[in-house]
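Each chain, written out:
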Amino acid sequence: MAKWGEGDPRWIVEERPDATNVNNWHWTEKNADLWSKNKIKELFTNLIIEDPKAGNVVVEEVEKVDGEARVNNRKGKLIFFYEWEITLKWKGHANGSDTEVKGKVDIPNLSEEHDDMKDVDLDITMTTKGPESDVLKEMMRKGCGATKLRESLGEYVKSLKTEYSSGVILPKKGTENGQVKTSVNSQTKVNLQSATGEATKGLQKVEISSGGLRLEVDDIKLEETMKCTGQELFNALTQRDMIQIFTGSEAKMAETAEKGGEFTLLGGGITGKYLEIVPFTKIVQEWRLKSWPSGHFSRVEMIIKQTKEDTKITLTQTAVPVKEVQSTRIGWQRYYFEAMKRSFGFGAALF
């Protein structure tokens with residue numbers, strides 16, 4: 001039920017630039033097949049891989065890229081589906097040898113089910129034989145070749161979720177190209193005012209970074225229900241061993257979170273500091289993604305409330321770069337909430 005003075009956004013017809021899909025309530029789908037094929041070819045064609053201990057390789061050609069990709073918008077949330085079978089042709093030279101080595105990389109399945117690119121299979125086959133071939137095959141199978149290939153796969157997925165998906169969630173009233181029109185005064189941090197002078201809640205802000213860069217930011221608020229106690233959820237979010245389990249990667253931090261303690265998660269993708277910890281009920285962090293402008297941090301506040309039946313967590317994140325809002329929101333859902341449910345049985349999977 002809508003609050004006093006507010007209307008339910010599902011039933012309010014907003015003044016939209018295209019007058020369609022009001023409030024992004026309806027399911028819309030965007031075909032990403034052609035874009036994905038071109039992006040994969042762009043990322044892999046002429047990709048150079050060098051290993052001082054083994055040799056060097058260049059990907060000559062994307063021989064095959066079969067599959068599909070879709071970006072869906074439902075109720076203002078993006079859902080990604082993709083499944084690709086990829087074959088790459090490569091050639092190279094082992095250190096100290098003039099013999100040219102040739103081979104192929106088969107990637108039988110790249111899909112949204114792979115939370116970590118390390119789980120994607122790389123099958124290496126050789127066109128040439130000999131000791132040089134054995135050296136480069138091992139480099140491409142387990143060495144820096146495999147690392148470089150998986151980095152490029154990760155770059156494709158990141159681009160699909162950020163670059164290609166822009167425009168899937170349509171702009172609302174007062175926005176253009178998905179961003180609120182703003183004017184900035186001389187203050188380093190400005191709350192944007194609505195034209196009617198109504199409440200400023202939820203409006204975007206503009207921050208001036210330490211380097212003088214003007215950065216548009218916005219806030220995120222998420223709520224999730226977990227089938228666990230408040231203590232269990234708190235422990236999952238503050239104990240290093242439990243964090244490593246649900247993220248599937250090393251957590252660089254103290255054994256248990258403490259005020260002022262720094263953390264690095266997901267291979268350096270997330271860094272920050274614990275600003276406040278109230279046992280079992282509240283966690284406040286300074287938090288940033290590696291892809292954000294250098295030196296810019298957001299503030300994350302997690303409130304945990306246990307009820308008779310379950311535990312609810314309310315996450316509020318302020319000062320998120322506008323261009324990263326949607327991917328950050330999806331990241332919390334996928335790499336935190338859904339991952340904890342799968343890992344610890346805190347709830348049924350969403351799909």
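Above this text you will find the structure in question.
Residues numbered from 1 in each chain as written. Predicted model: local features only at pLDDT ≥ 70, side-chain atom pairs only at ≥ 80, totals over all residues. Heavy atoms only, no water.

Asks: Help me out: how do you make sense of the nonpolar core in this one?
Replies: Side chains of nonpolar character tend, in soluble globular proteins, to be buried together. Core analysis: the biggest nonpolar cluster contains 41 residues, and Phe-44 and Tyr-156 have the highest contact counts within it. Here the element with the most residues in this core is strand β4 (residues 77-94); it accounts for eight residues. Among residues more than four places away in sequence, those in contact with Phe-44 are Val-59, Val-62, Leu-88, Leu-149, Ser-152 and Leu-153. Core analysis: the second largest hydrophobic core is formed by 35 residues, Leu-222, Leu-233, Phe-263 and Ile-283 among them. (Core = buried A, V, L, I, M, F, W, Y, C linked by side-chain atoms within 4.5 Å. Buried < 20%, exposed > 50% of the residue type's maximum accessible area, 1.4 Å probe, protein only. Helix = DSSP H or I, 4+ residues; strand = E, 2+ residues; numbered from the N terminus. Contact = heavy atoms within 4.5 Å.)

Asks: Help me understand the side chain of Glu-324 in this model?
Replies: Inspection of the secondary structure puts Glu-324 in the loop between β16 (311-321) and α6 (325-344). Notably, Glu-324 is buried but unbridged: the nearest opposite-charge side chain belongs to Lys-158, and the N-O separation is 6.0 Å. Setting aside its immediate chain neighbours within four residues, Glu-324 contacts Ser-291 and Trp-292. (Lys, Arg positive; Asp, Glu negative; His and termini not counted. Salt bridge = Lys/Arg side-chain N within 4 Å of Asp/Glu carboxyl O.)

Asks: Where do I start with the environment of Gln-239 in this structure?
Replies: The residue Gln-239 is located in the loop between α4 (230-238) and α5 (240-247) in this model. In this structure, the C-alpha to C-alpha distance between Gln-239 and Met-253, residues 14 residues apart in sequence, is 9.1 Å. Those residues within four positions of Gln-239 in sequence are excluded, and the remaining contacts are Glu-255 and Thr-256.

Asks: So what exactly am I meant to see when it comes to the environment of Lys-91 here?
Replies: Mapping Lys-91 onto the fold places it in strand β4. With a relative accessible area of 28%, Lys-91 lands in the partly exposed category. Sequence spacing of Lys-91 and Val-101 is 10 residues, and the spatial spacing of their C-alpha atoms is 5.5 Å. Apart from the residues lying within four places of it in its own chain, the contact partners of Lys-91 are Asn-56, Val-57, Val-58, Glu-60, Glu-100, Val-101 and Lys-102.

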